[in-house]
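# Observations on chain architecture
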Amino acid sequence: MLSENLVKAFNAQINAEMWSSNLYLSMSVYFAQNGYAGMAKWMRAQSKEELEHAYEMIDFVIKRGGNIEIGQVNVVPSAWGSPLEVFEHVYQHECHVSKLIDDLLDVAIKENDKAAQNFINGFVNEQVEEEDTAQAIVDRLKMLNGHNLVYIDDKLGERK
Ligand code: MG
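In this report, we go over the structure that sits alongside the text. (Residues numbered from 1 in each chain as written. Predicted model: local features only at pLDDT ≥ 70, side-chain atom pairs only at ≥ 80, totals over all residues. Heavy atoms only, no water.)

### Describing the overall build of the protein chain
When you go through the protein chain residue by residue, the secondary structure sums to 5 helices and 0 strands. Across the protein chain, helices and strands are ordered from the amino to the carboxyl terminus as α-α-α-α-α. Seen through its C-alpha atoms, the protein chain measures out along the principal axes to roughly 55 × 25 × 25 Å. When the accessible area of the protein chain is evaluated, it comes to approximately 8900 Å², of which 52% is carbon and sulfur surface. Averaging the locations of the 14 positively and 25 negatively charged side chains of the protein chain gives two centres separated by 3 Å. (Helix = DSSP H or I, 4+ residues; strand = E, 2+ residues; numbered from the N terminus. Areas by Shrake-Rupley, 256 points an atom, 1.4 Å probe, with all protein chains shown as cover. Lys, Arg positive; Asp, Glu negative; His and termini not counted. Charge placed at Lys NZ, Arg CZ, Asp CG, Glu CD.)

### Thoughts on unusual backbone geometry
With the exception of glycine, the majority of residues adopt a negative phi angle, and the majority of peptide bonds are in the trans configuration. With a phi angle near 55°, Asn112 is a residue other than glycine that sits in the positive phi range. Its location among the elements puts Asn112 in the loop between helix H3 (83–110) and helix H4 (114–144). Not every positive phi belongs to a glycine, and Asn145 is a case in point at roughly 50°. By the element assignment, Asn145 lies in the loop between H4 and helix H5 (149–156).

### Side note on the pattern of salt bridges
This model, assessed by the stated rule, comprises 5 salt bridges. Across the pair Lys99 and Asp103 runs a salt bridge whose closest N-O atoms are separated by 3.0 Å. On the criterion of helical spacing, the pair formed by Lys99 and Asp103 is a turn pair, its members being 4 residues apart in helix H3. With relative accessibility at 31%, the residue Asp103 sits in the partly exposed group. (Salt bridge = Lys/Arg side-chain N within 4 Å of Asp/Glu carboxyl O. Buried < 20%, exposed > 50% of the residue type's maximum accessible area, 1.4 Å probe, protein only.)

### Considering helix H1 (residues 4–33)
With 30 residues, H1 should cover 44 Å at 1.5 Å per step; its first-to-last C-alpha distance of 44 Å lies within 8% of that length. Phi for Gly35, located one or two positions after H1, is positive at around 85°. (Expected span 1.5 Å × (residues − 1).)

### What to know about the side chain of Ser47
Mapped onto the elements, Ser47 comes out in helix H2 (residues 37–63). Under the relative-accessibility criterion, Ser47 is labelled buried at 6%. Discounting residues that sit within four places of it in the chain, Ser47 has contacts with Ser21, Tyr24 and Leu25. (Contact = heavy atoms within 4.5 Å.)

Limitation: the analysis is restricted to geometry and does not speak to function.
Shown next, in the form of structure tokens:
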């Protein structure tokens, strides 16, 4: 059974994952409305992935006898800039999420909950990939320097 502190921390992280999902959905809509079909598709997939993270955490908390409260999700921005600016925002956001996951792990360590630590470590690893992926897209967009955006839009549209 999860401790009260861990249940609280997990519920907060679940809300953060749902907010992330909405953030990427907002970016997806923005790209779709501005002719970047590939980036819109990439962001839609990213949005789904964040929701999957929330579901995984919800299932874990339920399995461990904790209570889940689906709370209000704060509003996300709806106006965005260039593709480079958007993906720089993605990178910054993923670094922020990494910090949140680290904090969640700290709670599990403090509560001496090995199963929770094990579970959260999967997300620690996931964040290494998330940061790397976002950084790689930022790097490519910088290399293109506003040129050949159709090329990178097509590339990002290949994401399943
Ligand atoms: Mg996530």
